[in-house]
Number of protein chains: 2
Amino acid sequence: MEALRADMFEEICPSTLLPFRIGPDKWAALVIRCLEDGPRRFSELRVPLARVTPKVLTQSLRALERDGFVRRTEVTAPVRRVTYELTDLGRGLLAQLYVLCNWTAEHWDDLLDARES
Amino acid sequence: MEALRADMFEEICPSTLLPFRIGPDKWAALVIRCLEDGPRRFSELRVPLARVTPKVLTQSLRALERDGFVRRTEVTAPVRRVTYELTDLGRGLLAQLYVLCNWTAEHWDDLLDARES
DNA sequence: CAGAATCCAACAAGATACTG
DNA sequence: CAGTATCTTGTTGGATTCTG
């Protein structure tokens, strides 16, 4: 049993980046799941994410784009059309979220029990 | 390619609970990792988590306890001593975080590249 | 259609000081 | 030792309205 080292915050490391990236962005995981079956337009995303305002949805998408999980494509003719789709990196992240999701589903009862007492 | 269903928020489901639980609590993932090698006292946890104030650390531990990931044990004699340790559920969650961590480490360069451009 | 602008509320987190 | 108690700050997120 090794001792705890001092200060885990000296630099960003893999164990902290993802929780910090996915964590603060309340809707990121859900947005990614909405893109799992292929490219979607902004207005399409607004259907399942009806409770998310356009501003917040845009923020979330932009952040995901910045981090390389999502690719944004815009065409102006004949009509304006913007689609979002997962990159390879995004699909990899989606797979990880699925792992987490499956684990949660398996332990769902335990989680609910803990909350009650 | 199936269509997106309306409103993903009708009820809490496994795909949302964990991001919502681990997400909002900024330090939860780090706290769990600090407990990976066995029970720790409050003051021991404060060493690697030096940048977290006692108030916030307490909040985090209490929330993790409430959700069944951590068990708190208090003894008063001969001296006061409070230890925190992972439950089975907590160890399971730790394993999931490791999966996520390993994936992040593998794609570390991609993530950094994306942030730069 | 796909957002941008503005303003505001909520809550998490930090600083500091104190206690059973 | 293991926290509490206050107070303050800062960062999302939300509501609403408007636009190229």
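Residues numbered from 1 in each chain as written. Chains lettered and ligands numbered in written order. Predicted model: local features only at pLDDT ≥ 70, side-chain atom pairs only at ≥ 80, totals over all residues. Heavy atoms only, no water.

Student: Any chance you could explain the sheet that holds strand E2 (residues 70–75) of chain B here in plain terms?
Tutor: What holds strands together in a sheet is hydrogen bonding between their backbones, with the strands either parallel or antiparallel. All names here are of chain B. In space, the three strands of this open sheet follow the order E1-E3-E2, with antiparallel pairing throughout. Two strands lie at the open edges of the sheet, namely strand E1 (40–41) and E2, each paired on one side alone. Where E1 lies against strand E3 (residues 81–86), two bridges are found, and the strand directions are antiparallel. Bridging from a neighbouring strand, Arg41 pairs with Thr83 of E3. Sitting on the sheet, helix H4 (residues 54–66) touches E2 and E3, and the angle it makes with E2 is about 115°. (Pairing = 2+ DSSP bridges. Helix = DSSP H or I, 4+ residues; strand = E, 2+ residues; numbered from the N terminus. Contact = heavy atoms within 4.5 Å. Axes fitted to C-alpha atoms, helices over the stretch in contact; angles between N-to-C directions.)

Student: Can you walk me through the pairing of E3 of chain B in this structure?
Tutor: On any regular strand, side chains alternate: one points to one face of the sheet, the next to the other face. Relative to E3 of chain B, E2 of chain B is paired through six bridges, and the arrangement is antiparallel. Bridging from a neighbouring strand, Thr73 of chain B pairs with Thr83 of chain B of E3 of chain B.

Student: In this structure, what is going on with the protein's contact with DNA strand C? I would like to understand it.
Tutor: Residues in contact with DNA strand C amount to 20 residues; listed here are only the nearest, Ser43, Arg72 and Tyr84 of chain A together with Lys26 and Lys55 of chain B. Backbone atoms, meaning sugar and phosphate, make up 73% of the atoms of DNA strand C lying within 4 Å of the protein. Taking Arg72 of chain A, its side chain carries an N or O atom lying 2.9 Å from a phosphate oxygen of DNA strand C. With respect to DNA strand C, the backbone of Lys26 of chain B contributes an N or O atom lying 2.7 Å from a phosphate oxygen. Residue assignment for the surface near DNA strand C shows that the elements contributing at least two residues are helix H3 (42–45), helix H4 (54–66) and strand E3 (81–86) of chain A together with H4 of chain B. In terms of residues, the surface near DNA strand C owes the most to one element, H4 of chain A, which gives four residues. Classifying every residue of the surface near DNA strand C by side-chain character gives seven nonpolar, three polar and 10 charged. (Near = heavy atom within 4 Å. Polar contact = N/O pair within 3.5 Å; in protein donor to acceptor, adjacent residues only side chain to side chain. Nonpolar A, V, L, I, M, F, W, Y, C, P; charged D, E, K, R; others polar.)

Student: Can you help me understand helix H5 (residues 88–106) of chain B in this one?
Tutor: For an α-helix, the turn length of 3.6 residues means that residues three or four places apart are oriented alike. Taking 1.5 Å as the rise per residue, H5 of chain B with 19 residues should run 27 Å; its terminal C-alpha atoms sit 27 Å apart, in good agreement. All buried positions along H5 of chain B are accounted for by Leu89, Gly90, Gly92, Leu93, Leu94, Gln96, Leu97, Leu100, Cys101, Trp103 and Thr104 of chain B. (Expected span 1.5 Å × (residues − 1). Buried < 20%, exposed > 50% of the residue type's maximum accessible area, 1.4 Å probe, protein only.)

Student: Honestly, the pattern of salt bridges in this entry has me stumped. Any pointers?
Tutor: Residues and elements named next belong to chain A. The final tally for this structure, using the stated rule, is 12 salt bridges over all chains. Of the charged contacts in the structure, one is a salt bridge between Glu74 and Arg72, with a shortest N-O distance of 3.3 Å. Salt bridges linked by common partners bring Arg72, Glu74 and Arg80 together as one network. (Salt bridge = Lys/Arg side-chain N within 4 Å of Asp/Glu carboxyl O.)

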